[in-house]
Amino acid sequence: MNSLISKTLIPPISLSSSTRLTLTPNSLRHFKLHLPRLMSSDSSHRLFQLKLDPLTGNSEWVVIEDNDDLPDCPKEPLLATTSYLDMLNDSCRNKAFRSAIERTVTKPCHVLDIGAGTGLLSMMAARAMGLNGTVTACESYLPMAKLMRKVLHRNRMGKAISVFNKRSDELEVGVDIPSRADVLVSEILDSELLGEGLIPTLQHAYDKLLVENPLTVPFRAVTYGQVESTYLWKLHDLSGIEAKVSDGIHLVPTGSDSIIQVKSRQYPMHCDAIREEIKLLSEPFEIFEFDFWKRPESNGETKVQVKVIDDGNIHAIVSWWVLQLDREGTVFYSTAPRWINSPASIGYWDWCDHWKQCVWFFRGKGMSVSRGEEVLLEASHTETSVSYNLNVQVPKNDTRQHDHNIRDFQLLLSPERIAIYGDSKWRSSVLAAVRNALQGRVNPLCVVVDDSIFLTLLAANLSKTSHVLSLFPGLREKGAQYLETVVKANCFSMDRVEVPEKRKPCLTLQDTRGKKVDMLIGEPYYYANEGMLPWQNLRFWKDRTLLDPVLSEDALIMPCKGILKACAMSLPDLWCSRCCLGDVEGFDHSIVNTTLGACGELPAPKEGPFLPFSIWQCGEIKELSEIFTILEFDFSKPISSCHGTAQVKFTEGGICHGFVLWVDWIMDTDNSIVISTGPEHRYWKQGVKLLSKPVAVGINGCNSNSEYGSTIVEALLEPSSSELILKHAFL
């Protein structure tokens, strides 16, 4: 049995024993960039791993000693949520780096590999030199450094490559390495190109670690862009979308356009999935060129005259990069979308998840343009990011000029959350559920248990006698400040809305002034948890259970139920990106599969982990079965173990790669209002359970002995351990 809901592992931080640190899970996501000085190279270091229990919101620090070995069969794959496995399964990337390294490292020399990972590039360099040169592999992430040593040992490369569990700016010539390196090989690139610290890493390497005029792999990178419109608008302009909604709720009141925004950054996205919904308004254009073969500048600016090829409205810019790996310009790798047809892109159409295109959203309604017009695009980059601006003059009477009064109270939400709040169907469903729940209730006490600002405004707006207590476990004081800013536009006063100053494990009657709670509601939505598995929002059920002592006898719980739904699917692209590793460009990587959370081609009885994905962005997909129910969660009762079994018939023939799971939230007692988080809805991630081996299936009654006509799926939710267990058997 495999744990489907496990305590989420937040990326670790390497600290000395004397370092003290207080961080939230969000602040750990890019610890390599934002906390570089906290990672020392002292031999007594420990790895502090933050484990988050998604059903309670509680976290704890787990210490991994520097001299501890990584377990061969960990209960929870330590690196399953990283992109290492997907990257190593990217055969186009691997072949390109191998070819470029063999063209560059043609004689014995000193090669430095920064961000070495499993040591693949280091082994390529050592092999290219016939094991006669010197290779220094630098990897700051302790679990990966340990894993690399195992890979090197398995490939008999342990003596040929020196491994340092340090950041590259901690290496010292004459102390750690005997001399400056002649060649730099590295792959510290993200979808934006710069997000993993490429520029500061190269700057230090040129200043301290490399010879004059070194050879590099890659050689250079060029970023490209293309302006577009239509679909992406609703992922960021809540003000414009809300103007078309007539439910009386004003999340973004007139004159406060910037109170809710997406963060000004580039968002990785598989844009091929929305190609038919994108209206391209320009040809591709070059933005920045970054040369690896010389020391880069920290900041840069450029202006591009973009010729418009069609009438439309510019809402966003889609960008990508092309990597030239060798000096001669014969080896390339591109992250361009499929609609781009260029020599650098040909042959690189394999779907992968570690590098995507990026989307930058322009503020508000964007810029209206006409065919033949030229638009000035201003681009700038820092050491770690790229940003864009359209040369647009804002009219003096534009209401956005007043936004500076509320900048301190801005809520920065994800594009998906912006789209949900602007979705008229979602809003009308929630509106109907809350209105029905309030009927006949006099002076109700309503507790919003999650981070839903919409439910808070809705409950206060629909009942002029209600008192609303919003817990806002993630938003906290930001949520309170937001409410104070929009309260007037939503026709109620703050004396009827309350946000507790301090987070408490549960409310008491003292907190509610002796009054029992009449309504306990949630979407459910927990701020900054968008990347988790969909059923981890069952934290709502846990919270409801803790609040049981303060609920009235006839208290209404909304949602009333949660239904765990599933569908058997063909997912060839996703499966290939997560399958077990064997030979990678001539090097055995089978030892990393368990640690990296591999799913496909696992030996029985091992199973891969359950991982969150946006199915609509997962390349080729096909539903093979009817949608079926596995478990039902009754929120009218305290949380308890749940068990369910379903026998499912296949409705289409094909290769089954796994099961996709999600939760449908039943909002009312009549079961008439349902909020689904399934694959047809793009604003939620689903949970994917990939099979150990793909299975050929056919419609029920098929004649082929090699095909299965149905499957039995069994699931168990155990709240005490925050685990969901899944079993299946094909018939």
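One can find the structure itself at the top, above this paragraph.
Everything numeric here is computed off the predicted structure, so don't read it as measured data.

A. Highlighting helix α5 (residues 142–154). The terminal C-alpha atoms of α5, which comprises 13 residues, lie 19 Å apart, in line with the 18 Å expected from a rise of 1.5 Å per residue. Among all positions in α5, only Leu142, Pro143, Met144, Ala145, Lys146, Leu147, Met148, Val151 and Leu152 are buried. Trailing α5 by a residue or two, Arg156 shows a phi angle of about 55°, which is positive.

B. Region of interest: the sheet that holds strand β27 (residues 517–521). Here five strands make up an open sheet; going across it, the order is β26-β25-β24-β27-β28 and the pairing parallel. The sheet is open, and its two borders are formed by β26 (497–498) and β28 (551–558), each paired with just one other strand. Packing of helix α12 (residues 539–546) onto the sheet brings it into contact with β27 and β28, and relative to β28 it is tilted by some 170°.

C. Layout of the pairing of strand β9 (residues 210–217). Summarising the sheet, strand β8 (residues 181–186) and β9 pair through four bridges and their orientation is parallel. Bridge assignment links Ala181 to a residue of β9, and that residue is Leu210. Read from β8 through helix α6 (residues 198–209) to β9, the crossover connection turns out right-handed.

D. Region of interest: the pairing of strand β35 (residues 642–649). Residues of β35 alternate between two faces, with Cys642, Gly644, Ala646 and Val648 buried on one and His643, Thr645, Gln647 and Lys649 left unburied on the opposite face. Where β35 meets strand β39 (residues 710–718), eight bridges bridge the pair, whose relative direction is antiparallel. Of the residues in β39, the one forming a bridge with Lys649 is Ser710.

E. Representation of the nonpolar core within the structure. Core analysis: the biggest nonpolar cluster contains 117 residues, and Leu251, Ile260, Tyr482 and Ile630 have the highest contact counts within it. When near neighbours in sequence (up to four residues on either side) are disregarded, Ile630 contacts Leu564, Ala566, Gly644, Thr645, Leu661, Val713, Ala715 and Leu726. Core analysis: the second largest hydrophobic core is formed by 93 residues, Phe97, Met123, Val331 and Tyr388 among them.

Cut-offs and rules
- Residues numbered from 1 in each chain as written.
- Predicted model: local features only at pLDDT ≥ 70, side-chain atom pairs only at ≥ 80, totals over all residues.
- Heavy atoms only, no water.
- Helix = DSSP H or I, 4+ residues; strand = E, 2+ residues; numbered from the N terminus.
- Expected span 1.5 Å × (residues − 1).
- Buried < 20%, exposed > 50% of the residue type's maximum accessible area, 1.4 Å probe, protein only.
- Pairing = 2+ DSSP bridges.
- Contact = heavy atoms within 4.5 Å.
- Axes fitted to C-alpha atoms, helices over the stretch in contact; angles between N-to-C directions.
- Right-handed = clockwise from strand over helix to strand, strands pointing away.
- Core = buried A, V, L, I, M, F, W, Y, C linked by side-chain atoms within 4.5 Å.

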